[in-house]
Amino acid sequence: MKFLIGLIVGLLLLPVALLLYALSGRMPVATSDSPMPFEATLAGAGLYSRIKREAPNRSVTTFTPLELASGAEIYQKNCAVCHGLPNQAVPPVGQGEFPRPPQLFTVDGRVSDDPAGVTYWKVKNGIRLTGMPAFEKSLSDMQMWQVTALVARADNLPPEATEALKPQPPVILVTAGAANPAANPAPNPAAKPAPNPAPEQGKH
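The shown structure was predicted, so the numbers you read here are calculated from the model rather than taken from an experiment. (Residues numbered from 1 in each chain as written. Predicted model: local features only at pLDDT ≥ 70, side-chain atom pairs only at ≥ 80, totals over all residues. Heavy atoms only, no water.)

**Q** Now, about the overall build of the protein chain: what can you tell me, with residues and values included?
**A** Across its full length, the protein chain holds eight helices and zero strands. Ordered by position in the sequence, the α and β elements of the protein chain form the string α-α-α-α-α-α-α-α. Put simply, of all contacts in the protein chain between residues at least 6 apart along the chain, 62% involve residues at least 24 apart. (Helix = DSSP H or I, 4+ residues; strand = E, 2+ residues; numbered from the N terminus. Contact = heavy atoms within 4.5 Å.)

Encoded structure:
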């Protein structure tokens, strides 16, 4: 009986202790903090089991150069900000995330050896507690497979896809009138304001 009571008390104390730890302000929640004990192990085990159960089985070896180029354009708009581009430095957003997103066009970060279905699952569903979003609602199924095929073949891409992955020129935003300064000339402080015209006399 004492053992049973001790077990129940222990089970109740654990969540209370975790709550008090969270409320203490000492939990590592910033991206620069070290991971909590067993954090990576527990998160990785849960993710692996879920993907193993749900990932589709599909080959991407038959995707054409045109489809891979389309995947590269989608990657440029949605993925490069975190996962980087070929032969480029880690983007600032990727440097500030935790865990660090893999740079998918580097030797260490490529997913060419992963089953394509695993990558597709991650693109579609995202990964909680990371910066990886789900694209199920923003991309079509074909677009998600095109991106999957692109990164799955990152070590052997056709020229069309490589060209589409080149860094894009920066976008310069201008306010109305700033693009054409002549349309809004700066006021001349030496100029005197024009006198107001005399009101027109009404007819009697």
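**Q** So, the environment of lysine 124: which residues are in play, and what are the values?
**A** Looking at the secondary structure, you find lysine 124 in helix α6 (residues 116-125). The class for lysine 124 is partly exposed, based on a relative accessible area of 24%. Taking the C-alpha atoms as reference, lysine 124 lies 4.7 Å from glutamate 136; in sequence the two are twelve residues apart. Those residues in contact with lysine 124, other than ones at most four positions away along the chain, are Ala134, Phe135, Glu136 and Met144. (Buried < 20%, exposed > 50% of the residue type's maximum accessible area, 1.4 Å probe, protein only.)

**Q** How would you explain unusual backbone geometry if you had to name every residue and give the values?
**A** Backbone geometry follows two general trends: most residues other than glycine have a negative phi, and most peptide bonds adopt the trans configuration. The omega torsion across phenylalanine 98 and proline 99 is -5 degrees, close enough to zero to call that bond cis. If you trace the backbone, proline 99 turns up in the loop between α5 (92-95) and α6. Backbone geometry places asparagine 87, a non-glycine residue, at a positive phi of 60 degrees. Here asparagine 87 falls in the exposed class, since its relative accessible area comes to 79%. A positive phi angle, close to 65 degrees, is found at leucine 129, a residue other than glycine.

**Q** Can you break down helix α3 (residues 65-78) residue by residue, with the values?
**A** Over its 14 residues, α3 extends 20 Å from the first C-alpha to the last, a length consistent with the 20 Å expected when each residue adds 1.5 Å. In this fold, the buried residues of α3 make contact with α4 (80-83), α7 (141-152) and α8 (159-164). (Expected span 1.5 Å × (residues − 1).)

**Q** Lay out the packing of α3 against α7 in plain terms, naming residues and giving numbers.
**A** At a minimum axis separation of 8 Å, α3 and α7 run at an interaxial angle of 100 degrees. Relative to α7, α3 is oriented roughly perpendicular. When α3 is examined against α7, the residues Glu67, Leu68, Ser70, Gly71, Ala72, Ile74 and Tyr75 are found in contact with a partner set consisting of Gln143, Gln146, Val147, Ala149, Leu150 and Val151. Along the lines of polarity and charge, the residues of the contact of α3 with α7 split into eight nonpolar, four polar and one charged. (Axes fitted to C-alpha atoms, helices over the stretch in contact; angles between N-to-C directions. Parallel < 35°, antiparallel > 145°, perpendicular 65-115°, else oblique. Nonpolar A, V, L, I, M, F, W, Y, C, P; charged D, E, K, R; others polar.)

**Q** Talk me through the side chain of threonine 119; I want residue IDs and the actual numbers.
**A** Among the structural elements, threonine 119 can be located in helix α6. Among the residues examined, threonine 119 registers a relative accessible area of 10% and is labelled buried. Discounting chain neighbours no more than four positions away, the residues touching threonine 119 are Val111, Asp114, Thr148 and Val151.

**Q** Provide a residue-level description of a nonpolar patch on the surface, including the pertinent values.
**A** On the surface, Met1, Phe3, Leu4, Ile5, Leu7, Ile8, Val9, Leu11, Leu12 and Leu13 cluster together to form a nonpolar patch covering roughly 1100 Å² of accessible area. On the secondary structure map, isoleucine 5 appears in helix α1 (residues 2-23). (Patch = residues over 30% accessible without salt bridge, like charges linked within 9 Å, V, L, I, M, F, W, Y side chains within 5 Å. Areas by Shrake-Rupley, 256 points an atom, 1.4 Å probe, with all protein chains shown as cover. Salt bridge = Lys/Arg side-chain N within 4 Å of Asp/Glu carboxyl O.)

**Q** Pulling in residues and values, what's your account of the state of the cysteines?
**A** The full count for this structure, using the stated rule, is zero disulfides. Free cysteine cysteine 79: the closest other cysteine sulfur is in cysteine 82, separated by 8.6 Å. (Disulfide = S-S within 2.5 Å.)

**Q** Break down the pattern of salt bridges for me, with residues and values.
**A** Across all of its chains, the model carries three salt bridges by this definition. A salt bridge links glutamate 54 to arginine 50; its shortest N-O distance comes to 2.7 Å. Here glutamate 54 pairs with arginine 50, and both are found in helix α2 (residues 39-54), just four residues apart, close to one helical turn. Classification of glutamate 54 as partly exposed rests on a relative accessible area of 35%. Among the residues examined, arginine 50 registers a relative accessible area of 39% and is labelled partly exposed. Beyond isolated ion pairs, a larger network of salt bridges with shared partners links Arg50, Arg53 and Glu54.

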